[in-house]
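# Commentary on secondary and tertiary structure
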Amino acid sequence: MARKRAFIPPIERVRNGFVFNIGNDERELVARLLTELSQLLMGESGDPRLIRIFPPAYHLADDAEADAEYQRLMREELVASRLSGITTVNKALQGSGPVDEETMIAFVQAINGLRLVLGTMLDVDEDDDPDQIDEDDPQVGEHHLYNFLSWLLDWAVRALGEPVKQQET
């Protein structure tokens, strides 16, 4: 009798870190998207696609000047931090071994950054149902990509929350 192969999560915690159980096509897709995100981050600071990555620090109309000052002071540091994380993740995706928790946290932040930009472009909000995408929608591919990134993010967060697996005896 043939045994059914158990489900292997796309990302899981192992004894010495975390592993990406995704294929080369998926790794290359994520790396390409992260490269595009890097380029976007280094572009114009007023790009509306970045509003969810760099939301206003102050929300009242009277605080516009304070928000502009915050953005002026912090934006460069925030961009540098995101770019560093993207570099870390791209290196990890090229490797085959386990990655450490710091790299996994960078992965979560990078994937979430991709989702924030794509979600802004698609005008996604919490009321959207990913199972209700019309296949005739001109942005159906982008919606599927958003759902794929959400799925990866979910598994990465789950892996971070798992206890460390002990060595089998």
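Refer to the structure printed above.
In short, a report on the structure. In this text, all values refer to a predicted model and were calculated from it rather than measured experimentally. (Residues numbered from 1 in each chain as written. Predicted model: local features only at pLDDT ≥ 70, side-chain atom pairs only at ≥ 80, totals over all residues. Heavy atoms only, no water.)

### Digging into the pattern of salt bridges
Put simply, the test is: Basic side-chain nitrogens of Lys or Arg form a salt bridge, by our definition, when they fall within 4 Å of a carboxyl oxygen of Asp or Glu. Partly exposed describes any residue whose relative accessible area lies between the buried limit of under 20% and the exposed limit of over 50%, with all areas from a 1.4 Å probe on protein chains only and scaled to the type maximum.
This structure, assessed with the given rule, holds 5 salt bridges. Between Asp47 and Arg49 there is a salt bridge whose closest N-O contact spans 2.7 Å. The class of Arg49 is partly exposed, set by a relative accessible area of 35%.

### Concerning the environment of Leu40
Using the following cut-off: Only runs of H or I of at least four residues qualify as helices and only runs of E of at least two qualify as strands under DSSP, and these elements are numbered from the N terminus. Contacts are assigned to residue pairs that have any heavy atoms within 4.5 Å of one another.
With respect to the helices and strands, the residue Leu40 is situated in helix H1 (residues 24–41). In this structure Leu40 comes out as buried when scored by relative accessible area, which is 12%. Separated by 77 residues in the primary sequence, Leu40 and Val117 have C-alpha atoms spaced 9.6 Å apart. With residues up to four places along the chain from it excluded, the contact list for Leu40 reads Asp47, Arg49, Leu50 and Val117.

### Some thoughts on the packing of aromatic side chains
Convention followed: Pairing of aromatic rings covers Phe, Tyr and the six-membered ring of Trp, with a centre-to-centre limit of 6.5 Å; geometry is then stacked below 30 degrees between planes, edge-to-face above 60, and tilted otherwise. By definition here, charges over rings are those cases where NZ of Lys or CZ of Arg is within 6 Å of the ring centre and within 35 degrees of the ring normal.
Within this structure, the stated rule accounts for 3 aromatic pairs. Here the aromatic rings of Phe20 and Phe107 are separated by 4.8 Å at their centres, their planes lie at 50°, and the arrangement is tilted. Note that Phe20 is positioned in strand E2 (residues 17–20) and Phe107 in helix H3 (residues 101–122), a separation of 87 residues in sequence. Each of the two residues, Phe20 as well as Phe107, counts as buried. Consider the rings of Phe148 and Trp151, whose centres lie 6.0 Å apart with planes at 35°: the pair is tilted. One end of the pair is Phe148 and the other is Trp151, both in helix H4 (residues 140–161) and 3 residues apart, which spans about a single turn. Judged by its relative accessible area of 38%, Trp151 is partly exposed. Positioned over the ring face of Phe54 is Arg75, at 4.2 Å from the centre of the ring. One cation-aromatic arrangement involves Arg158 over Trp155; the distance from NZ or CZ to the ring centre is 4.3 Å.

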